[in-house]
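Coordinates in review
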Amino acid sequence: MTVDARPASSDSLLQGVGAAPAADAGWASSPARVDGDDPPALLASLRQLMHLRSVAILGQATAIALALALGVTLRPVPMAIVVGALAVLNLLVSARLNRGTPATHREVAAHLALDLAAFSALLLLAGGTANPFALLYLLHVVLMAMLLPWLLALGGTLLVIGSFALAFAYAE
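Section: the packing of aromatic side chains
- Evaluation of the coordinates by the stated rule reveals 3 aromatic pairs.
- Taking the centre distance of 4.9 Å and the plane angle of 85 degrees together, the rings of Phe119 and Tyr137 count as edge-to-face. With Phe119 in helix α4 (residues 105-125) and Tyr137 in helix α5 (residues 137-147), this residue pair connects regions lying 18 residues apart in the sequence. Both residues of the pair, Phe119 and Tyr137, belong to the buried class.
- Here the aromatic rings of Tyr137 and Phe164 are separated by 5.7 Å at their centres, their planes lie at 85 degrees, and the arrangement is edge-to-face. Remark: Phe164 occurs in helix α6 (residues 150-169) and Tyr137 occurs in helix α5; sequence separation between them is 27 residues.
- Judged by its relative accessible area of 4%, Tyr137 is buried.

A short note on the pattern of salt bridges
- For the structure on display, the rule yields 2 salt bridges.
- In this structure, the salt-bridge partner of Asp115 is Arg53, at a minimum N-O distance of 2.6 Å. In this pair, Asp115 is assigned in helix α4 and Arg53 in helix α2 (residues 39-69), connecting sequence segments 62 residues apart.
- Residues Arg96 and Glu107 are paired through a salt bridge, measuring 2.6 Å at the closest nitrogen-oxygen approach. Taken together, the positions of Arg96 in helix α3 (residues 76-99) and Glu107 in helix α4 put the pair 11 residues apart, joining distant regions of the chain.
- A relative accessible area of 9% places Arg96 in the buried class.

Things to note about the confidence of the model for the protein chain
- Confidence along the protein chain averages 83 in pLDDT terms, with 78% of residues attaining 70 or more.
- The element-level mean pLDDT for the protein chain is lowest in helix α1 (residues 10-15), coming to 42, with α3 highest at 97.

Details of α3
- Between its first and last C-alpha, α3 extends 35 Å over 24 residues, near the 34 Å set by a 1.5 Å rise per residue.
- Every buried residue of α3 is accounted for by Met79, Val82, Val83, Leu86, Leu89, Asn90, Val93, Arg96 and Leu97.
- Its buried side turned inward, α3 meets α2 and α4.
- Where α3 terminates, the next one or two residues include Gly100, which has phi positive at roughly 75 degrees.

Some remarks on the nonpolar core
- One finds Val108, Leu112, Tyr137 and Leu148 to be the most contacted residues of the largest nonpolar core, which totals 24 residues.
- Secondary-structure elements contributing two or more residues to this core are α2, α3, α4, α5 and α6.
- Ignoring sequence-local partners within four residues, the contact set of Tyr137 consists of Leu116, Phe119, Ser120, Leu123, Val160, Ser163, Phe164 and Ala167.

Looking at the environment of Ala85
- The topology assignment puts Ala85 in helix α3.
- Residues Ala85 and Ala118, 33 residues apart in the sequence, show an inter-C-alpha distance of 8.5 Å.

Details of the packing of α2 against α3
- Contact geometry for α2 and α3: axes closest at 10 Å, N-to-C directions at 155 degrees. Taken together, the axes of α2 and α3 are roughly antiparallel relative to one another. Seen along the crossing, α2 lies across α3 with a hand that is left-handed. Every residue of α3 that contacts α2 at Leu43, Leu46, Arg47, Met50, Arg53, Ser54, Ile57, Gln60, Ile64 and Leu68 is listed here: Pro76, Met79, Val83, Leu86, Ala87, Leu89, Asn90, Val93, Ser94, Arg96 and Leu97.
- Partitioning the contact of α2 with α3 into residue classes produces 14 nonpolar, 4 polar and 3 charged.

Observations concerning α2
- Here α2 is 31 residues long and its end C-alpha atoms lie 44 Å apart, about the 45 Å a rise of 1.5 Å per residue gives.
- Listed as buried for α2 are Leu42, Leu43, Ser45, Leu46, Leu49, Met50, Arg53, Ile57, Gln60, Ile64 and Ala67.
- Of the surrounding elements, those touching the buried residues of α2 are α3, α4 and α5.
- At the C-terminal side of α2, Gly71 shows a positive phi close to 85 degrees.

Here is what the cut-offs are and how they apply
- Residues numbered from 1 in each chain as written.
- Predicted model: local features only at pLDDT ≥ 70, side-chain atom pairs only at ≥ 80, totals over all residues.
- Heavy atoms only, no water.
- Phe/Tyr/Trp six-rings, centres within 6.5 Å; stacked < 30°, edge-to-face > 60°.
- Helix = DSSP H or I, 4+ residues; strand = E, 2+ residues; numbered from the N terminus.
- Buried < 20%, exposed > 50% of the residue type's maximum accessible area, 1.4 Å probe, protein only.
- Salt bridge = Lys/Arg side-chain N within 4 Å of Asp/Glu carboxyl O.
- pLDDT = per-residue confidence, 0-100.
- Expected span 1.5 Å × (residues − 1).
- Contact = heavy atoms within 4.5 Å.
- Core = buried A, V, L, I, M, F, W, Y, C linked by side-chain atoms within 4.5 Å.
- Axes fitted to C-alpha atoms, helices over the stretch in contact; angles between N-to-C directions.
- Parallel < 35°, antiparallel > 145°, perpendicular 65-115°, else oblique.
- Left-handed = near helix turned anticlockwise from the far one by under 90°.
- Nonpolar A, V, L, I, M, F, W, Y, C, P; charged D, E, K, R; others polar.

As structure tokens, this is what we get:
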């Protein structure tokens, strides 16, 4: 009796004995599709981004208020405009999710880009990369890697690098 020593993939373990391998058994063999792969999962991604954005809005508003209470010199009006724009975006996303129309990876990427732009604006208004919150640029890279196909994630990562470079150039 011979034993098959080849490592089993997780797909074959999940499919059961004797089942044919999945059509796209590996990421390298699958094309870089950008739109419409799995609408329910993409809607869930938008919902998760909306919830994360809500937490960010609360955290940003709290940090701004606390900094002002401690006498830190900030420009509160432009910062409030950015945070307010994120709140409006969340209201629009909530209404969009209630419609239940299918989402695309491009739409998820657009939301991530808007979040990145808002974060960069707040960071530039609060000292640039000298601000300890600058490390949150890494969170944007992680979210893009988790939620987007590799081609869009690569583009998003380049956008994060550019945003960080801009914040570094204008650090106070």
